[in-house]
Amino acid sequence: MVSIRNFTLQDIAILQKQPIYDQPIEEVKTMIEKWNKKDYQGRYFEMFAITEDQKIKGTVSLYQHTSSAVSIGLEIFLEYYRQGYGFQGEKLALEYAKNLGYKIAAGNVRVDNPASIALQKKLGFEIYREWISPNGQPMYFFIKSLK
């Protein structure tokens, strides 16, 4: 059964195996400690491990934009692509956000990422607009009501 949970210091070695988190132990430790404060620049932020059988399959984050809107960020580790972990992890995080009182969820997906676009649509998100990221990448901005 897939679940989400906060990261612990015991997760450092697992995170370091992923290219995005391939950093010295102290840096990963600091990152986990920051995540577990549930605050980023004065706003709610929470990073979760997506797990099954106590094995981390990826991450999903929530970040507050307003008192009623939160964005969601998803990363599934490469070896677990196309196994349903993104759908299940994001669905759990959206339910968690709803239980916290958020009414709207938003997220960004690269225009050239058909799998992520399909996932967002499957979860009930709609494309609100297309935009260009600061690094020049065409993106879709998705929104969804959590009611």
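What you see is a predicted model, and the numbers here were worked out from it, not measured in a lab.

**Some remarks on the pairing of strand β4 (residues 55-64)**
Now for step 1: By the criterion of burial, β4 is predominantly enclosed, with 9 of the 10 residues buried.
Now for step 2: Where strand β3 (residues 43-52) meets β4, 8 bridges bridge the pair, whose relative direction is antiparallel. In the strand pairing of β4, E46 is matched with L62.
Now for step 3: The antiparallel hairpin formed by β3 and β4 contains 2 residues in its connecting segment, where D53 sits at a positive phi of about 50°.
Now for step 4: Relative to strand β5 (residues 69-76), β4 is paired through 7 bridges, and the arrangement is antiparallel.

**A few points about a nonpolar patch on the surface**
Now for step 1: A surface patch of nonpolar side chains, amounting to about 280 Å² of accessible area, comprises I104, Y128 and I143.
Now for step 2: Tracing the chain through its elements places I104 in strand β6 (residues 104-110).
Now for step 3: A residue is classified by how much of its surface remains accessible, and I104, at 39% relative accessible area, is partly exposed.

**Description of the pairing of β3**
Consecutive residues of a regular strand have side chains that alternate between opposite faces of the sheet.
Now for step 1: A large share of β3 lies buried, amounting to 8 of its 10 residues.
Now for step 2: Across 5 bridges, the pairing between strand β1 (residues 2-6) and β3 is antiparallel. Bridged to N6 within β3 is F48.
Now for step 3: Of the strand pairs in this sheet, strand β2 (residues 39-40) and β3 are connected by 2 bridges, and their pairing is antiparallel. What sits directly across from Y40, in β3, is R43.

**Some remarks on the environment of Q120**
Now for step 1: Inspection of the secondary structure puts Q120 in helix α4 (residues 114-122).
Now for step 2: Classification of Q120 by relative accessible area gives buried; the value is 7%.
Now for step 3: In the structure, Q120 is positioned 69 residues away from T51 in sequence and 20 Å away in space, judged by C-alpha atoms.
Now for step 4: Excluding residues within four positions of it along the chain, Q120 makes contact with E90, V109, F125 and F142.
Now for step 5: One polar contact links Q120 to E90, side chain to side chain, over a distance of 3.1 Å.

Rules behind the numbers
- Residues numbered from 1 in each chain as written.
- Predicted model: local features only at pLDDT ≥ 70, side-chain atom pairs only at ≥ 80, totals over all residues.
- Heavy atoms only, no water.
- Buried < 20%, exposed > 50% of the residue type's maximum accessible area, 1.4 Å probe, protein only.
- Helix = DSSP H or I, 4+ residues; strand = E, 2+ residues; numbered from the N terminus.
- Pairing = 2+ DSSP bridges.
- Patch = residues over 30% accessible without salt bridge, like charges linked within 9 Å, V, L, I, M, F, W, Y side chains within 5 Å.
- Areas by Shrake-Rupley, 256 points an atom, 1.4 Å probe, with all protein chains shown as cover.
- Salt bridge = Lys/Arg side-chain N within 4 Å of Asp/Glu carboxyl O.
- Contact = heavy atoms within 4.5 Å.
- Polar contact = N/O pair within 3.5 Å; in protein donor to acceptor, adjacent residues only side chain to side chain.

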